[in-house]
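Chain by chain, the residues run as shown.
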Amino acid sequence: MPGLLRGVARTAVVAGTATAVSNRVSRRQAGRWAQQEAPQAAPQPAVQAAPAPAPAAADDMSSKIAQLKDLGELKDQGVLTDAEFQAQKARILGS
């Protein structure tokens, strides 16, 4: 009887250890997958609309120039892609 009890206890320890290791590996692997997917699934930075142009005609041109400078800075910082920059520039100059 003591041999049978010892065998059952050993089996329980081995099964418990295997379960704990398996769970840890699964959590670790899920964490790695989440880290790999995070940069791919990260939302692109939203293009911030430039401030609305001032109502006066003289202020309108200086406002457009200021907006274009801000867009240029955002592009230089890497916040805007070239396509986004061109689209916003066309919107500012077209208005």
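Residues numbered from 1 in each chain as written. Predicted model: local features only at pLDDT ≥ 70, side-chain atom pairs only at ≥ 80, totals over all residues. Heavy atoms only, no water.

S.K.: Please explain the side chain of Gln 88 as it appears in this structure.
M.R.: Here Gln 88 shows up in helix α3 (residues 82–94). At a separation of 3.1 Å, a polar atom in the side chain of Gln 88 contacts the side chain of Arg 91. (Helix = DSSP H or I, 4+ residues; strand = E, 2+ residues; numbered from the N terminus. Polar contact = N/O pair within 3.5 Å; in protein donor to acceptor, adjacent residues only side chain to side chain.)

S.K.: What should I look at first to understand the packing of aromatic side chains in this one?
M.R.: The way to describe two aromatic rings as a pair is by their centre distance and the angle between their planes. Tallied over the entire structure, the rule returns 0 aromatic pairs. It is Lys 75 that lies over the ring of Phe 85; its NZ or CZ is 5.2 Å from the centre. (Phe/Tyr/Trp six-rings, centres within 6.5 Å; stacked < 30°, edge-to-face > 60°. Lys NZ or Arg CZ within 6 Å of the ring centre and 35° of its normal.)

S.K.: I tried to follow the pattern of salt bridges on my own but got confused; where do I start?
M.R.: Close approach of charged atoms allows side chains of opposite charge to pair. By the definition in use, this model includes 2 salt bridges. Close ionic contact of Lys 64 with Asp 60 constitutes a salt bridge, the shortest N to O distance being 4.0 Å. Taken together, the positions of Lys 64 and Asp 60, both in helix α2 (residues 57–77) and 4 residues apart, correspond to about one turn of that helix. Between Asp 82 and Lys 75 there is a salt bridge whose closest N-O contact spans 3.5 Å. (Salt bridge = Lys/Arg side-chain N within 4 Å of Asp/Glu carboxyl O.)

S.K.: I would appreciate a short explanation of the confidence of the model for the protein chain in the present structure.
M.R.: Low pLDDT means the predicted coordinates in that region are not meant to be read closely. Residues with a pLDDT of 70 or more make up 76% of the protein chain, whose mean pLDDT is 76. Across the protein chain, the element-wise mean pLDDT spans from 75 in helix α1 (residues 2–41) up to 88 in α3. (pLDDT = per-residue confidence, 0-100.)

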